[in-house]
Amino acid sequence: MSETPINSQLMETTIKCGRFTEATAALEEALQLRRELYTSPRPEIGATLRALGNCAYERGAYEEAKGLGQQAKEIFTELSASDENVAECNELIGKCLYMQAHYSAALGTLLVAC
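Presented here is a report on the structure given in the accompanying data block. (Residues numbered from 1 in each chain as written. Predicted model: local features only at pLDDT ≥ 70, side-chain atom pairs only at ≥ 80, totals over all residues. Heavy atoms only, no water.)

### Points about the overall build of the protein chain
Line of reasoning, step 1. Secondary structure summary: the protein chain contains six helices and zero strands in total.
Line of reasoning, step 2. The linear arrangement of helices and strands in the protein chain, starting from the amino end, is α-α-α-α-α-α.
Line of reasoning, step 3. A compact globule built from 114 residues would reach a C-alpha radius of gyration of about 13 Å, and the protein chain, at 14 Å, matches this within 12%.
Line of reasoning, step 4. Scored against the burial criterion, the 114 residues of the protein chain give a buried share of 36%.
Line of reasoning, step 5. Residue pairs at least 24 apart in sequence account for 48% of intrachain contacts in the protein chain once pairs closer than 6 positions are excluded.
Line of reasoning, step 6. In the structure as shown, the protein chain presents an accessible area of about 6900 Å², 55% of it carried by carbon and sulfur atoms.
Line of reasoning, step 7. The distance from the centre of the 10 positive side-chain charges to the centre of the 16 negative ones in the protein chain is 2 Å. (Helix = DSSP H or I, 4+ residues; strand = E, 2+ residues; numbered from the N terminus. Rg over C-alpha atoms; globule rule 2.2 N^0.38 Å. Buried < 20%, exposed > 50% of the residue type's maximum accessible area, 1.4 Å probe, protein only. Contact = heavy atoms within 4.5 Å. Areas by Shrake-Rupley, 256 points an atom, 1.4 Å probe, with all protein chains shown as cover. Lys, Arg positive; Asp, Glu negative; His and termini not counted. Charge placed at Lys NZ, Arg CZ, Asp CG, Glu CD.)

Pasting the structure below:
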């Protein structure tokens, strides 16, 4: 099952417009459906978790965002997904650590993301 391009574009536009509450609700529904559909880790689940993390970050919910980013990273790592997916998760986690004033941990995480 893959997202239709129109749904993906709609979600991306919703996030770019700063409508994070609306985007979060849609992403949470997508995550629930994907977890019901797939019994094992899938890139779609990792991508949804990362998108939820990005929305949480934009809302200032840094601890929540960090946790979602970590969950997504674990899925991508387990799947041996592209380094780009893992790097994007590390970037999200690093930004959260920075915003929480954990500067040394943020630096280490962001350097791994590069």
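There's plenty left to go through after this.
### Thoughts on the nonpolar core
Buried together is how nonpolar side chains tend to be arranged in soluble globular proteins.
Line of reasoning, step 1. Ile45, Leu49 and Ala65 are the most contacted members of the largest nonpolar core, which has 21 residues in total.
Line of reasoning, step 2. For this core, the secondary structure elements donating two or more residues are helix H2 (20–37), helix H3 (43–58), helix H4 (62–78) and helix H5 (83–99).
Line of reasoning, step 3. For Ile45, the residues in contact, after removing those within four places along its chain, are Leu31, Arg34, Arg35, Tyr38, Ser40 and Ile75. (Core = buried A, V, L, I, M, F, W, Y, C linked by side-chain atoms within 4.5 Å.)

### Comments concerning helix H6 (residues 103–113)
Line of reasoning, step 1. Every buried residue belonging to H6 is among Ala106, Thr109 and Ala113, and all of these are buried. Buried residues in H6, looked at end-on, bunch into an arc of 70 degrees, giving them a common side. In H6, the exposed residues that point more than 90 degrees away from the buried face are Ser104, Leu107, Leu111 and Val112.
Line of reasoning, step 2. Against the buried residues of H6 lie H5. (Arc of directions from axis to C-beta.)

### Quick look at the environment of Thr48
Line of reasoning, step 1. Within the fold, Thr48 resides in helix H3.
Line of reasoning, step 2. Of the residues examined, Thr48 reaches a relative accessible area of 2% and is grouped as buried.
Line of reasoning, step 3. Each C-alpha atom of the pair Thr48 and Cys114 lies 22 Å from the other, and the pair is 66 residues apart in sequence.
Line of reasoning, step 4. With near-sequence residues (within four places) excluded, Thr48 lies in contact with Leu27, Ala30, Leu31 and Arg34.

### A closer look at the packing of H3 against H4
Line of reasoning, step 1. Between H3 and H4, the least distance of the axes is 8 Å, while the angle of their chain directions is 160 degrees. Comparing their axes, H4 and H3 come out roughly antiparallel. The two elements H3 and H4 meet at a crossing, and its hand is left-handed. Within the contact between the two elements, H3 uses Pro43, Ile45, Gly46, Ala47, Leu49, Arg50, Leu52, Gly53, Ala56 and Tyr57 and H4 uses Tyr62, Glu64, Ala65, Leu68, Gln71, Ala72, Ile75 and Phe76.
Line of reasoning, step 2. Looking at the contact of H3 with H4 residue by residue, the class counts come to 13 nonpolar, three polar and two charged. (Axes fitted to C-alpha atoms, helices over the stretch in contact; angles between N-to-C directions. Parallel < 35°, antiparallel > 145°, perpendicular 65-115°, else oblique. Left-handed = near helix turned anticlockwise from the far one by under 90°. Nonpolar A, V, L, I, M, F, W, Y, C, P; charged D, E, K, R; others polar.)

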